[in-house]
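Tertiary structure, described
Below, each chain spelled out in residue letters.
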Amino acid sequence: MTRWKIVAGAAAVLLFIAGCSAFALVWRPTIAAVASPSPASFQPDLIRRGRELAAIGNCNTCHTAREGRDFAGGLPVSTPFGTIFSTNISPDPDSGIGGWSEAAFRRAMRAGVDRDGHHLYPTFPYDHFTSISDEDDHALYAFLMTREPARAPARANELSFPYDQRWLIAGWKLLFFRPGTYRPEPGKSVEWNHGAYLVEGLAHCGACHTPRNALGAERTGASFSGGEVDNWQAYAINTRSPAPVHWDREALISYLRQGWHADHGTARGPMAEVVRNLSSVPASDVADIATYMADVFGPSPAGQKEPPAIQSFAGPPGDPGAAIYAAACASCHESARPLPYGGVDLARSTAISASDPRNLANIVMSGVQPVAGESSPIMPGFGDSMDDGQIVALLTYLRARFGKGPAWTHVEDIVKQARQTQTAYLQPSLGPQNARADAAQRDKP
Ligand code: HEC
Ligand code: HEC
Ligand code: HEC
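Computed from a predicted structure; not experimentally measured. (Residues numbered from 1 in each chain as written. Chains lettered and ligands numbered in written order. Predicted model: local features only at pLDDT ≥ 70, side-chain atom pairs only at ≥ 80, totals over all residues. Heavy atoms only, no water.)

The environment of ligand 2 is made up of 23 residues, and the closest members are Cys205, Cys208, His209, Arg268 and Met271. Within the side chain of Tyr235, a nitrogen or oxygen atom sits 3.2 Å from an oxygen atom of ligand 2. Here an oxygen atom of ligand 2 sits 2.8 Å away from a polar atom, N or O, in the side chain of Arg268. Of all the secondary-structure elements, those providing two or more residues to the shell around ligand 2 are helix 9 (206-209), strand 5 (232-234), helix 10 (249-258) and helix 11 (270-278). When grouped by side-chain class, the residues that make up the shell around ligand 2 number 16 nonpolar, 6 polar and 1 charged. (Near = heavy atom within 4 Å. Polar contact = N/O pair within 3.5 Å; in protein donor to acceptor, adjacent residues only side chain to side chain. Helix = DSSP H or I, 4+ residues; strand = E, 2+ residues; numbered from the N terminus. Nonpolar A, V, L, I, M, F, W, Y, C, P; charged D, E, K, R; others polar.)

Listed below in structure tokens is the structure:
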């Protein structure tokens, strides 16, 4: 045998092995379609727990488009790589997951693979959902399978090459995805462990609050150090929190379940939707989340509890920002009217002590919208009555007067961007006493 033949033979064998391993990595079998299970086959208690779990997991937030049918998908989720549309997870047999067995559903939640064996984009936060218990997946399945089936075929994603190649997700998973169920931390309380299980898994708090790397994976070792979503900053919610007042367990319970706390103000933007969902779940689940998160925030640094009381500070003579604040904001934010109807003393607002003014610009532009049918906090939006220059002057003044940290840079660009991306978000309901579960979440037999 000539030498080149041996080399070519070896190369062919190697190529074959590489091909097989790539195939094994990428290929996932189809799971056969089943007839949609009858809603009557699920116990009401199981469906009710499924509803609560779906609220903790924000399934409705991503899978129900504005004005769209419940869980019918079609919501555009923007990512740095393009727009991905959520899919229909109502039990329609053709366009939804009506034909999915529980095993197929569990594989999607655990491994990010659809019934046909395609890899799913991690915009669907299965990197968190992977740790959900069998029992909880079972309840979620029961809840989804008892919703109203809605016919709504998937919309094509708007991704550029190579991100539109689904098989490449297999490589992403190899690099960044760590499947596995939650392992309780010995030595911690039952409540702490249940909170950790929810926060790290179903509630996927890190999906927004953890910074991501260039390929869109959450950075290891930077959990809860601050991320971004839809042109909002999801602040650091660990020891690096920029909040002027330390977050303790009691404040977290109030903020997460009723949407506000006197020392911290209200939840807005994407967080308002999270809180709105949490207002409809049992108090014990939210209390456990708060127990775990209070530990993540760490103990209060000495002397941080009280921010300085409001001091008179007129700003430099002729400061246009000071004049706008006095005319448009002070009457509500220095009224001493209790929260949530009065505006918080702005020295307590994380928005003003954050590393950039994005959220502040969003709030000033859009205000705080009232919740239909309830008495709720209201702040007018100033996007229409102020031009960019006035808002820039106002933000710069607020930072100097009330903020912690150095003056912000690029304020002009951030204000311009806030104007372009203004989205109206639903505000949370004020607490469980008012909580009406969304129609989408209501129990059915
Ligand atoms: C941050 C947004 C987001 C949240 C929250 C979310 N999903 Fe999704 N989900 C998506 C997107 C986007 C897709 C489509 C991914 C793709 O096309 O690769 C998806 C796909 C799915 C699929 C696969 C459906 C199919 O036809 O392939 C299932 C099942 C699913 N989600 C269930 C859930 C459940 C259950 C919850 C709540 C526990 C949930 N999702 C929460 C964004 C989300
Ligand atoms: C969809 C993205 C998203 C998810 C999921 C999310 N957050 Fe947030 N969160 C935000 C944004 C954005 C803000 C800033 C809101 C604002 O400025 O009012 C925020 C604000 C907060 C704050 C207030 C911090 C401060 O100093 O003002 C806390 C506390 C918080 N989130 C905790 C959580 C917890 C706990 C979870 C999981 C149960 C969670 N978040 C899930 C986006 C998210
Ligand atoms: C009609 C009363 C009213 C006016 C006028 C008003 N606000 Fe508000 N504002 C509120 C209420 C109520 C809230 C919700 C409670 C809270 O979070 O402080 C709020 C919230 C805020 C927040 C979020 C605080 C936090 O972290 O929770 C900021 C920042 C803010 N307002 C800034 C301004 C600025 C700047 C102006 C002037 C351009 C202004 N507001 C004018 C009533 C008002």
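And the narrative resumes.
Turning our eyes to something else, we now look at the coordination of the iron atom of ligand 1. For the iron atom of ligand 1, the protein contributes exactly one donor atom, His63 (NE2), at 2.0 Å. Mapped onto the secondary structure, His63 falls in helix 3 (residues 59-63). (Donors = N, O, S within 2.8 Å, 3.2 Å for Na, K, Ca; no water.)

Under the definition given, this model contains 15 aromatic pairs. Taking the centre distance of 5.7 Å and the plane angle of 45° together, the rings of Phe105 and Tyr141 count as tilted. Of this pair, Phe105 sits in helix 4 (residues 102-111) while Tyr141 sits in helix 6 (residues 134-145), and the two are 36 residues apart along the sequence. This pair shows no difference in class: Phe105 is buried, exactly as Tyr141 is. With a centroid separation of 5.8 Å and 70° between ring planes, the pair formed by Phe124 and Phe129 is classed as edge-to-face. (Phe/Tyr/Trp six-rings, centres within 6.5 Å; stacked < 30°, edge-to-face > 60°. Buried < 20%, exposed > 50% of the residue type's maximum accessible area, 1.4 Å probe, protein only.)

The coordination sphere of the iron atom of ligand 2 contains the protein donors His209 (NE2) and Met271 (SD), at a distance range of 2.0 to 2.3 Å. One can describe the donor arrangement at the iron atom of ligand 2 as octahedral, given that its 6 donor atoms subtend angles of 87 to 179° at the metal. Of this pair, His209 sits in helix 9 while Met271 sits in helix 11, and the two are 62 residues apart along the sequence. For His209, a relative accessible area of 12% corresponds to the buried category. (Tetrahedral: all angles 85-135°; square planar, octahedral: opposite > 155°, others 65-115°.)

Right, let's talk about helix 17 (residues 411-420) for a bit. When helix 17 is considered as a whole, its buried residues turn out to be Val411, Ile414, Val415 and Ala418. End-on, the buried residues of helix 17 take up no more than an arc of 100°, which puts them together on one face. (Arc of directions from axis to C-beta.)

Turning to the site of ligand 3, a few remarks are in order. Taken together, 26 residues form the shell around ligand 3, and within it Cys329, Cys332, His333, Ser349 and Met379 come nearest. At a separation of 2.8 Å, an oxygen atom of ligand 3 approaches a polar side-chain atom of Thr266. A distance of 2.6 Å is found between an oxygen atom of ligand 3 and a side-chain nitrogen or oxygen belonging to Ser349. Among the elements that line the shell around ligand 3, the one with the most residues is helix 13 (residues 320-333), at 4 residues. Residues that form the shell around ligand 3 fall into these classes: 18 nonpolar, 7 polar and 1 charged. Domain assignment of the residues forming the shell around ligand 3 places at least three in each of domain 2 (190-304) and domain 3 (320-420). (Domains from an automatic or database assignment.)

The domain architecture assigned to the protein consists of domain 1 (28-176), domain 2 (190-304) and domain 3 (320-420). Centre-to-centre, using C-alpha coordinates, domain 2 lies 22 Å away from domain 3. Each side of the interface is counted separately: domain 2 has 18 residues, and domain 3 has 21 residues. Of the roughly 1,800 Å² buried where domain 2 meets domain 3, counting both sides, 54% is carbon and sulfur surface. One salt bridge connects Asp263 with Arg348, and the closest N-O pair in it is separated by 2.7 Å. Mapped by element, the contributors of at least two residues to the side of domain 2 that touches domain 3 are strand 5, strand 6 (260-261) and strand 7 (265-266). (Contact = heavy atoms within 4.5 Å. Buried area = accessible area lost by both parts, 1.4 Å probe. Salt bridge = Lys/Arg side-chain N within 4 Å of Asp/Glu carboxyl O.)

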